[in-house]
Amino acid sequence: EGKSYYNPEGIMSTTVEFEDPRVSMPPNTDVFRQTFKITACYRYRTEAAATVCLDPDPFSIRPEDKVCVAHDTSVRPSGAPVSVTYVQQTSTRDRVQFRIGIQNVGGGLILASEGGYVPLNQCHTELGRDEINKVEVHAFLSGEALTCQPDSVRMVNGQGTVFCHINKRVDEAYQTVLNVYLDYGYRESITKNIEILRLPGSSAGY
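Residues numbered from 1 in each chain as written. Predicted model: local features only at pLDDT ≥ 70, side-chain atom pairs only at ≥ 80, totals over all residues. Heavy atoms only, no water.

## Topic: the packing of aromatic side chains
On inspection of all chains with the given rule, the structure shows five aromatic pairs. Relative to Tyr186, the ring of Tyr184 has its centre 6.4 Å away and its plane inclined at 75°; by these criteria the two rings are edge-to-face. Under the relative-accessibility criterion, Tyr184 is labelled buried at 1%. A relative accessible area of 0% means that Tyr186 is categorised as buried. Three or more aromatic residues link up through ring pairs in this structure, and these residues are Tyr42, Tyr44, Tyr184 and Tyr186. (Phe/Tyr/Trp six-rings, centres within 6.5 Å; stacked < 30°, edge-to-face > 60°. Buried < 20%, exposed > 50% of the residue type's maximum accessible area, 1.4 Å probe, protein only.)

Structure (structure tokens):
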């Protein structure tokens, strides 16, 4: 089960057995200390939704006559490693535009997604600049696709911004839902110090 707002850790559990000749017990040693590093690489899609107000005349002197008032929106975190943090909007009678903030909140490395391809096979090796810190963005307003520029956002210091718009006739202010989808890969690593013990009665076993 993946991460969610109500289950920020998700559920994952596995047991791995392996042999490696590079890890061997030195002679005449009962305890051998080693550091293991475990790296997980995976594809991920962040799904975010924000209620927005489309207002053809946001600077009207009588906002009380409208069913809603356009304003900037903060987005509740979902537990995803890369989150949509805010939505700023600008509306006219014929065009709706959003400035969308993105942040790496997971502490790991973003793997670039280009046309749905993520370099998972090379994630443990040296990655090029174009293979990291890029997030694909797709946005929809009431089910209608928006044009986002850039459609692949370069993250700088864990932060990114994208502008999405749609040419849409708006005659009266009304509320609707903006859906934002972020596609990317992600790499996380942890290290663990362990003690390898020689089995009793064994000269080489452990």
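## Digging into the side chain of Thr46
Note on placement: Thr46 falls in strand S1 (residues 31-54). A distance of 2.7 Å separates a polar atom in the side chain of Thr46 from the backbone oxygen of Val82. At 2.7 Å, the side chain of Thr46 and the side chain of Tyr184 are in polar contact. Setting aside residues up to four positions removed in sequence, Thr46 forms contacts with Ser78, Ala80, Val82, Ser83, Val180, Tyr181, Leu182 and Tyr184. (Helix = DSSP H or I, 4+ residues; strand = E, 2+ residues; numbered from the N terminus. Polar contact = N/O pair within 3.5 Å; in protein donor to acceptor, adjacent residues only side chain to side chain. Contact = heavy atoms within 4.5 Å.)

## A word on the environment of Ala70
Within the secondary structure layout, Ala70 lies in the loop between S1 and strand S2 (73-74). Given the relative accessible area of 28%, Ala70 is considered partly exposed. Distance in space between the C-alpha atoms of Ala70 and Leu197 is 65 Å, their sequence separation being 127 residues. Contacts of Ala70, omitting those with residues within four sequence positions, involve Cys53, Asp55 and Gln89.

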